[in-house]
Amino acid sequence: MTSTGIRLHAPAPGWAISADVVVVGSGVAGLTAALRCQAAGLTTVVVTKARLDDGSTRWAQGGIAAALGEGDTPEQHLQDTLVAGVGLCDEEAVRILVTEGPDAVRRLISTGAHFDTDDEGDIHLTREGGHHRRRIAHAGGDATGAEVSRALVAAVRARGLHTIENALVLDLLTDADGRTAGVTLHVMGEGQHDGVGAVHAPAVVLATGGMGQVYSATTNPSVSTGDGVALALRAGAEISDLEFVQFHPTVLFLGADAEGQQPLVSEAVRGEGAHLVDGDGVRFMVGRHELAELAPRDIVAKGILRRMLERDAEHMYLDARHFGARMWEQRFPTILAACRANGIDPVTEPIPIAPAAHYASGGVRTDAHGRTTVPGLYACGEVACTGVHGANRLASNSLLEGLVYAERIAADIAAERAAGGLHARVPVPVPQPGQPDHPLLAAETRFAIQRIMTEGAGVLRSEESLARAAGELQRLHTEARQALEENGKTAEPGVDTWEATNLLCVARALVAAARLREETRGCHWREDRADRDDTHWRRHIVVRLNPDRSLAVRTTDTADFPPTRQTQRPQEQ
Ligand code: SIN
């Protein structure tokens, strides 16, 4: 697969360093990949957009799902994952996840992560939506991601890994044959590596996290702007399942016009017995699903939204007053603090909640070793689509997926080197500013994109709303192109403008996929196509960017997943 040659409008790199592997991102997936690559003797550089612990991982509350409990088995975890994924999971990818998962968690513990234990000293396991068993390991009560991040960052520092913080990745570098040759970056305030530069490496691991900032209200931090998916699209890689954006059912409701990152109220609160109720205190999930409040996440989000529509209400409530102060303080200190900081005391009152954008189940399409369709480019964590999540991710499978597939990537790159296939590549030159390239959007466009996506491609969509969103996004794209072509005008290169440009790139791809999928399945909920349609839609939607920046959208059979490129690695000279 050759590169599209589309790149962000950036000055030529002013500096370059070289490595065997560059890992982009510093959440659970990125740091695990980096630590394992280093342990395999590969020279490894980690680049990350903010500080090492600023990504989504730190915000994860619930925990890590793995069959660690007595009587639990990978097979039961597999079944729950397949049910949540509504017919679109790649069973082999899930089998890898659930069978390699328990040992991956044990290795994380050896790296230094501390999980909460019970009186006997065994890892305490909780439940979340879609799990038929207690299977979720957690830390600090409801601060699992913070502990995982702390442990991995400490290991990275202790082992002297080369890291570059405040580095926004711009584009993939490729050689004349379209193979990965590194990345370009814009680094801010990091001394010798300041400004636009490059890390040359024959293996690039994308672990940039999610794209929640494509919507107005999200549980994701402000850095989650879909940079990895946008880079992969510009590099010609295939993206899959983008229409399946998971809306977390219970996000603290701070007003209908609340914007940016919103506080999450973990599913683990329901796992420990909290009830969803309407304004009259009625438990509306009872009778809608055998698991009631612990049904898979898409079903609960839909249940909440339906009740909101029936009641013409802006939110519903999560009632956990019966936990009492002691349990709230010990088991859910982060959520308790967030509620109280916003004037709500869950010990004495029900918590107002509503669904908000939470997780991209799709992403850069990979095989079972994390390889994308561009040779040498890998992806893991939320940016990737390994096939594990299908149409709806099972709660707390994401940290596990990050761990397991990051380890597989490191093993694959090490094997590639052992086979003599990991060579430095000569990158084709980056176009200079002034040459026709990708127009940049003004930073404020971010808010226009978020509004368009929230109104047109949110939790409830229809052909009408999606067509409107597609038209408005296309207008933003066309205006930026015309300004560049007619007057040579584009926004000033910088983090805000590059992020806005990335958001538009992923928003267009997401809407194209959501329009094509004319059914309701998992977290893709079409008002105008209320039913699941297995006859036509037990298929994946794959999006690529053409060299002329138009989108190529196609469907593939589930049997054609993961991509077959894994058997077509370019022959070494
Ligand atoms: C939660 O704690 O509810 C979030 C867990 C997840 O997204 O998997």
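It should be noted that the structure appears before, not after, this text.
Residues numbered from 1 in each chain as written. Predicted model: local features only at pLDDT ≥ 70, side-chain atom pairs only at ≥ 80, totals over all residues. Heavy atoms only, no water.

Peer 1: Would you take a moment to explain the pattern of salt bridges for this structure?
Peer 2: One side chain can pair with another of opposite charge once the charged atoms of both are near each other. Following the criterion strictly, the structure yields 48 salt bridges and no others. Notably, a salt bridge pairs Arg51 with Glu165, separated by 2.7 Å at the nearest N-O pair. Here Arg51 is found in the loop between strand 3 (44-47) and strand 4 (64-65), whereas its partner Glu165 is found in the loop between strand 7 (162-164) and strand 8 (167-174), with 114 residues between them in sequence. For Arg51, a relative accessible area of 39% puts it in the partly exposed group. The salt bridge involving Glu238 is made with Arg554; its shortest N-O contact spans 2.7 Å. With Glu238 in the loop between helix 5 (227-234) and strand 13 (239-240) and Arg554 in strand 23 (residues 551-557), this residue pair connects regions lying 316 residues apart in the sequence. (Salt bridge = Lys/Arg side-chain N within 4 Å of Asp/Glu carboxyl O. Helix = DSSP H or I, 4+ residues; strand = E, 2+ residues; numbered from the N terminus. Buried < 20%, exposed > 50% of the residue type's maximum accessible area, 1.4 Å probe, protein only.)

Peer 1: What should I look at first to understand the site of the ligand in this one?
Peer 2: Gln61, Gly62, Glu128, His248, Leu264, Ser266, Glu267, Arg297, His358, Arg393, Ala395 and Ser396 make up every residue found near the ligand. At a separation of 2.7 Å, an oxygen atom of the ligand approaches a polar backbone atom of Glu267. Measuring from an oxygen atom of the ligand, one finds a side-chain N or O atom of Arg393 at 2.7 Å. Contact with the protein chains removes 94% of the 250 Å² of surface that the ligand exposes when unbound. (Near = heavy atom within 4 Å. Polar contact = N/O pair within 3.5 Å; in protein donor to acceptor, adjacent residues only side chain to side chain. Areas by Shrake-Rupley, 256 points an atom, 1.4 Å probe, with all protein chains shown as cover.)

Peer 1: It is not clear to me how the sheet that holds strand 13 should be interpreted in this structure. Could you clarify?
Peer 2: In a beta sheet, neighbouring strands pair by backbone hydrogen bonds and run either parallel or antiparallel. The strand order across the open sheet formed by five strands is 21-19-13-22-23, and the pairing between neighbours is mixed. The two strands at the open ends of the sheet, each matched to only one other strand, are strand 21 (384-385) and strand 23. Where strand 13 meets strand 22 (residues 539-545), two bridges bridge the pair, whose relative direction is antiparallel. Following the sheet pairing, Ile239 is matched in strand 22 by Val543. Sitting on the sheet, helix 13 (residues 495-516) is in contact with strand 22 and strand 23, with an inclination near 45 degrees to strand 23. (Pairing = 2+ DSSP bridges. Contact = heavy atoms within 4.5 Å. Axes fitted to C-alpha atoms, helices over the stretch in contact; angles between N-to-C directions.)

Peer 1: Sorry, what's going on with the environment of Gln38 here?
Peer 2: Structurally, Gln38 can be placed in helix 1 (residues 28-39). A relative accessible area of 25% places Gln38 in the partly exposed class. As for Gln38 and Gly279, which are separated by 241 residues in sequence, their C-alpha atoms are 54 Å apart. Those residues in contact with Gln38, other than ones at most four positions away along the chain, are Thr44, Arg159, Gly160 and Leu161.

Peer 1: Before we go on, may I ask you to explain the pairing of strand 9 (residues 180-187) in this structure?
Peer 2: The buried fraction of strand 9 amounts to eight of the eight residues, a majority that puts the element mostly inside the structure. Between strand 8 and strand 9, which pair antiparallel one after the other, the connecting turn spans five residues, and Gly178 there sits at a positive phi close to 85 degrees. Pairing between strand 9 and strand 10 (residues 195-200): six bridges, direction antiparallel. When the bridges of strand 10 are listed, Val183 appears paired with Val199.

Peer 1: Could you clarify how one ought to interpret the packing of aromatic side chains in this entry?
Peer 2: Any pair of aromatic rings gets described here by the distance separating the centres and the angle formed by the planes. Tallying each qualifying case throughout the model produces four aromatic pairs. Between Tyr215 and Phe247, the aromatic rings sit 5.3 Å apart at their centres with planes inclined by 70 degrees, giving edge-to-face as the arrangement. With Tyr215 in the loop between strand 11 (203-206) and strand 12 (217-218) and Phe247 in strand 14 (residues 245-252), this residue pair connects regions lying 32 residues apart in the sequence. The pair formed by Tyr215 and Phe247 is uniform in burial state, with each residue classed as buried. For the ring pair Phe323 and Trp328, a centre distance of 5.6 Å and an interplane angle of 40 degrees mean the geometry is tilted. Trp328 matches Phe323 in its accessibility class, with the two residues each being buried. Three or more aromatic residues joined by ring pairs make a cluster, and in this case those are Phe323, Trp328 and Phe332. The ring of Tyr359 carries the charged tip of Arg393 above its face, separated from the ring centre by 3.9 Å. (Phe/Tyr/Trp six-rings, centres within 6.5 Å; stacked < 30°, edge-to-face > 60°. Lys NZ or Arg CZ within 6 Å of the ring centre and 35° of its normal.)

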